[in-house]
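Coordinates in review
Spelled out from the first residue to the last, the chains are:
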Amino acid sequence: MLKKIKDFLGVDIKTDKYKKVDDAKFGKISNFKTPDEWVRSTCGYCGVGCGLYIGVKDGRPVYTKGDPAHPVSRGTLCPKGLTEHEMVDASSRVKSPMIRKNGKLEAVEWDEAFKYTSDKFKQIQKEHGKEAIAVISTGQFLTEDFYTLGKFVQLGLESNNYDGNTTLCMASAVMGYKQSFGSDGPPASYEDFSHADVIMLIGANIADNHPILKLHIARNKKITGKKPTIIVIDPRHSKTANMADIFVPIAPRSDLALINGLCYIIFEQGWEDEKFIKERTSGYREFRSHIMKNYPPQEVAHITGIDVKELYNLAKVYATANKSLSAWTMGVNQSSIGTDTVSAICNLALITGNLGKEGASPFSITGQCNAMGTREFGFTSSIPGYRNFASESDREEFANVIGVPKELIPTKRGYAYPQIIDAIDRGEIKALWVTATNPLVSFPDQNKLRRALKKLDILVVQDAFMSETAQEADVIFSASTWSEKEGTYTNSERRCNYAKRAVEPLGKSMSDANIVIEFSKYFDGKYELLFKDFKSSRDIFEEIKRVSRGRLCDYSGMSYELMEKLGGIQWPCNEQYPEGKKRLYTDGFKFPTEDGKAKLLPVDWRPLAESCNPNFPLTLNTGRTVEQWHTRTKTKEIALLNNLAPEAWIELNPKDAKKLKVKSGDRIKIASSRGEVNNLIVKVTEVVREGDCFVPFHFSEQLINAVTIGDFDEKSFEPNFKQCAVNIYSEAVPEGIKMQEQEIAGILEHQRVDIDIVESRAKVKKDTFKE
């Protein structure tokens with residue numbers, strides 16, 4: 001009782017617990033969690049790929065510190081990275097495999113879980129065909145896990161209905177690079193942020209989503225002697241916009257039209273790089289004709305809301321700089337025209353010669369810690385090593401490398417993620433195996449998804465945490481997580497980082513690769529065919545190296561030891577580039593196309609599939625916040641992060657808040673034609689403009705994807721998460737905002753404002769949340 005009183009009064013300040021002690025590696029640290037050892041590793045959250053040390057005490061992780069020697073993060077970490085050790089022993093961890101019995105999930109031994117699941121899979125395939133089983137993977141696995149799972153699904157289960165949750169975030173970047181350059185693969189390095197004269201961030205709120213990249217931008221002035229011009233293109237005045245010298249508040253999803261309009265002005269003014277276009281690109285005449293015919297500045301101004309004179313200024317700043325870098329994330333990718341928007345950004349770089357040199361590139365920033373690893377070796381949308389399903393030589397080469405019959409290699413890609421859900425809904429797919437992803441929070445149009453999943457004969461979830469999806473599973477394969485397994489992550493700049501095992505797996509959990517290998521033994525002959533030589537993660541990595549040899553994503557010169565020594569290695573790494581290569585498509589480095597040149601592609605903007613209307617007069621934008629990760633399976637029990645961002649909120653412009661008679665702190669309901677979310681706390685702010693609103697998607701308790709639209713890019717199958725029509729309902733205005741078509745048109749016209757050009761960071765408009 002005395003202890004409780006002291007805690008309440010603040011008398012007991014826990015001196016012993018929080019006193020600092022000396023640590024040989026990091027100086028002063030907290031006494032109560034002084035590690036017995038520090039294990040060098042890599043962060044397992046986002047695609048930046050920060051180096052860190054895991055502090056281990058009594059066999060469990062107790063501390064996380066940035067690695068001062070790592071070239072990506074230089075000793076720094078974001079709030080998630082600093083607290084990453086806390087998720088390893090969270091109460092939501094799944095410690096043993098489980099089977100649903102009499103409606104309740106019960107812990108079982110691995111043999112029972114594997115036998116039950118394999119029997120169900122065999123029965124389903126016997127009755128409905130091999131492809132009646134589908135698998136949805138992740139961007140969170142180690143590359144060794146991805147490769148093992150893909151190999152088993154495609155060649156063991158012999159179902160090509162296999163895709164990853166990376167389709168929800170990076171598929172448009174993949175397809176855009178493929179159609180422009182002939183292959184996936186971001187061509188730049190983070191250090192290019194430190195050398196560019198102009199940095200154009202398009203739909204990229206790096207301050208929230210990739211904060212460590214800001215440090216590379218901050219180093220620019222020290223390296224170049226002058227501050228770069230930072231352009232931020234975004235409908236929302238995000239935290240990243242506070243860095244901008246030029247903020248471009250475009251109309252929602254009008255970025256493709258904007259980029260095409262800039263190309264028009266560059267051609268009109270003669271600012272293009274004729275030598276680069278002639279020597280390094282194809283399709284110039286058709287592309288120029290398309291642009292000059294369809295994207296004059298007046299039309300682009302109408303679409304984007306950006307004044308004509310500011311379009312000219314923007315084009316001049318980008319095109320006349322010596323080195324211009326464009327970078328983008330989900331604001332571009334998560335769009336029903338995301339693939340073509342990526343190619344438009346590549347077009348802009350190509351016509352100005354901003355590729356293959358220091359400080360200049362079209363640079364896709366990856367979302368998850370190993371979205372690159374699954375793109376390279378996951379066996380979902382391509383054969384490992386960036387090989388094409390449709391290419392007989394690629395199939396034969398891969399089969400020969402891994403020692404399987406060529407006939408076993410699929411000749412085409414199976415269903416993509418949203419197509420898998422549709423096929424379940426139709427009754428075509430009977431079994432779904434979900435690994436390290438949580439579709440019951442992350443997928444759009446949740447009502448449709450939940451209806452489909454109820455039709456399955458069996459749902460298997462492989463995860464380290466009891467996610468919302470795991471709670472609905474028939475079987476759970478309990479996986480180990482970050483710090484409990486060994487392997488590699490590849491980050492946005494193609495840097496393959498070594499993630500070292502620091503502690504033993506919790507309970508009976510196993511690494512994802514080991515789960516797949518052990519499961520394969522329940523299918524006649526599959527273990528012997530596919531995995532007989534896989535005794536460790538190093539064995540898997542050695543096969544990955546052989547599979548990659550001679551390919552663009554060449555890992556053949558890498559080793560775990562060299563990665564640890566160098567702080568990761570950027571592919572290609574081989575005899576020619578023994579310590580990796582910083583940039584792709586430098587002079588003499590051809591594009592993997594038929595003629596060795598990049599393609600200038602005529603691509604077109606299209607209006608939104610769902611526009612504002614009298615019943616739903618506002619546009620919803622969704623996104624992330626720095627304190628949380630995806631669907632919070634990893635972060636929901638970390639006190640620091642949840643104290644900073646405990647629940648979802650809705651950002652409303654003061655004019656819309658006035659219509660609803662609400663202020664910051666009030667609660668509202670948001671709805672679309674698909675669903676609704678109640679009890680969202682209001683933040684009144686000029687971060688969003690009139691007619692727009694913003695809600696982070698992390699929170700299952702306020703499931704914003706019950707509202708979002710199932711509208712997908714026809715090339716990448718990536719969802720259009722960022723725009724849909726909604727209405728908002730308050731206690732004072734229970735009928736919601738009512739507008740006529742002419743009123744909506746008036747607001748849209750009012751939004752067509754000049755770019756907010758700032759003379760210095762000190763003059764940038766700050767977020768003005770009303771208390």
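Look a little higher up for the structure.
Within every chain, residues take consecutive numbers counted from 1 along the sequence as written. Since the coordinates come from a predicted model, pLDDT governs what is reported: local features require at least 70, and pairs of side-chain atoms require 80 or more to be given and counted, while whole-chain, interface and lining totals use all residues. In computing side-chain properties, one takes all heavy atoms of the structure into account and sets aside hydrogens as well as water.

This part covers the overall build of the protein. From N to C terminus, the protein includes 28 helices and 29 strands. Whereas a compact globule of 771 residues would reach a radius of gyration of roughly 28 Å, the protein reaches 26 Å, a difference of no more than 12%. Taking the principal axes of its C-alpha atoms as reference, the protein extends roughly 75 × 70 × 60 Å. Between buried and exposed lies partly exposed: a residue is buried under 20% and exposed over 50% of the maximum accessible area for its type, with that area taken using a 1.4 Å probe on protein chains only. Within the protein, the fraction of its 771 residues that count as buried is 64%. Note on contacts: a residue pair is in contact if any heavy atoms of the two residues lie within 4.5 Å. Sequence separation of 24 or more characterises 73% of the internal contacts of the protein that already satisfy a separation of 6 or more. Helical segments are the DSSP runs of H or I of at least four residues, strand segments are the runs of E of at least two, and each set is numbered from the N terminus. What the globule rule says is 2.2 Å times the number of residues to the power 0.38, and the radius of gyration is computed from C-alpha atoms.

Let us look at the environment of Cys46. Tracing the backbone shows Cys46 in the loop between strand E3 (37-42) and strand E4 (51-57). The class of Cys46 is buried, set by a relative accessible area of 14%. Taking the C-alpha atoms as reference points, Cys46 and Leu660, 614 residues apart in sequence, are found 37 Å from one another. Here Cys46 is in contact with Asn209, His210, Gly367, Gln368, Cys369 and Trp629, once residues within four sequence places are set aside.

Judged by how many residues are buried, strand E28 (residues 724-729) sits mostly within the fold: six of six residues are covered. Covered by surrounding structure in E28 are Cys724, Val726 and Ile728 together with Ala725, Asn727 and Tyr729, the residues of both alternating faces. Bridge analysis of strand E23 (residues 618-623) against E28 gives three bridges, and the strand direction is antiparallel. When the sheet's bridge partners are listed, Thr619 is paired in E28 with Ala725. Whether two strands pair comes down to DSSP finding at least two bridges between them.

This next bit is on the pattern of salt bridges. Between Lys or Arg on one side and Asp or Glu on the other, a salt bridge is scored when a side-chain nitrogen of the former is within 4 Å of a carboxyl oxygen of the latter. Counted by the stated rule, this structure contains 53 salt bridges. Where Arg583 meets Asp192, a salt bridge forms, and the shortest distance between an N and an O atom there is 2.8 Å. Residue Arg583 is located in the loop between strand E21 (569-570) and strand E22 (598-599), and its partner Asp192 is located in the loop between helix H6 (171-181) and strand E10 (198-202); the two are separated by 391 residues in the primary sequence. Under the relative-accessibility criterion, Asp192 is labelled buried at 0%. Among the salt bridges present, the one from Glu651 reaches Arg236, with a minimum N-O distance of 2.8 Å. Of the two residues, Glu651 sits in strand E24 (residues 649-652) while Arg236 sits in the loop between strand E11 (229-233) and strand E12 (246-248), which places them 415 residues apart along the sequence. We note that Glu651, like Arg236, is buried.

Moving on, we get to the nonpolar core. Judged by nonpolar contacts, the single largest core of 127 residues is most densely connected at Phe121, Trp433 and Phe477. In this view, Phe477 contacts Trp110, Ala113, Phe114, Thr117, Trp433, Val460, Val461, Gln462, Asp463, Ile515 and Phe519; residues no more than four positions away in its chain are not counted. Side-chain atoms within 4.5 Å link the members of a nonpolar core, which is a set of buried Ala, Val, Leu, Ile, Met, Phe, Trp, Tyr and Cys residues. Val56, Ile365, Phe465 and Trp629 belong to the second largest nonpolar core, which has 46 residues in total.

Our focus in this paragraph is the sheet that holds strand E26 (residues 676-684). One key point about sheets: their strands pair by backbone hydrogen bonds, in either a parallel or an antiparallel sense. Taken in spatial order, the six strands line up as E23-E27-E24-E26-E25-E28 and close into a barrel, and their pairing is mixed. Direction aside, neighbouring strands of the sheet carry axes that sit 45° apart on average. Of the strand pairs in this sheet, E24 and strand E27 (residues 692-696) are connected by two bridges, and their pairing is antiparallel. When the bridges of E27 are listed, Leu652 appears paired with Cys693. Think of each axis as a best-fit line through the C-alpha atoms, taken over the contacting stretch in the case of a helix, with angles from 0 to 180 degrees between the N-to-C directions.

Burial of H6 is extensive: nine of the eleven residues sit out of reach of the surface. Here the buried face of H6 lies against strand E14 (324-328), helix H15 (330-333), helix H16 (338-351), strand E15 (361-364), helix H17 (371-377) and E22. Taken from the residues just after H6, Gly182 is the one with a positive phi, measuring 90°.

Here the focus is helix H13 (residues 297-304). Listed in full, the buried residues belonging to H13 are Pro297, Val300, Ala301, Ile303 and Thr304. Looking down the long axis of H13, one finds its buried residues gathered within 165° of arc, a one-sided arrangement. Here the buried face of H13 lies against helix H10 (255-269) and helix H14 (308-320). Looking one or two residues past H13, Gly305 carries a phi angle of roughly 80°, positive in sign. Relevant arc is that of directions from the helix axis to the C-beta atoms, nothing else.

Along the chain, the position of Asp445 falls in the loop between helix H20 (439-442) and helix H21 (446-453). Charge convention: Lys and Arg are scored as positive, Asp and Glu as negative, and His as well as the terminal groups of each chain are ignored. Buried charged residue Asp445 carries no salt bridge. Nearest counter-charge: Arg674, at 5.2 Å. In this structure Asp445 touches Arg674, Asn705, Thr708 and Gly710, once residues within four positions along its chain are discounted.

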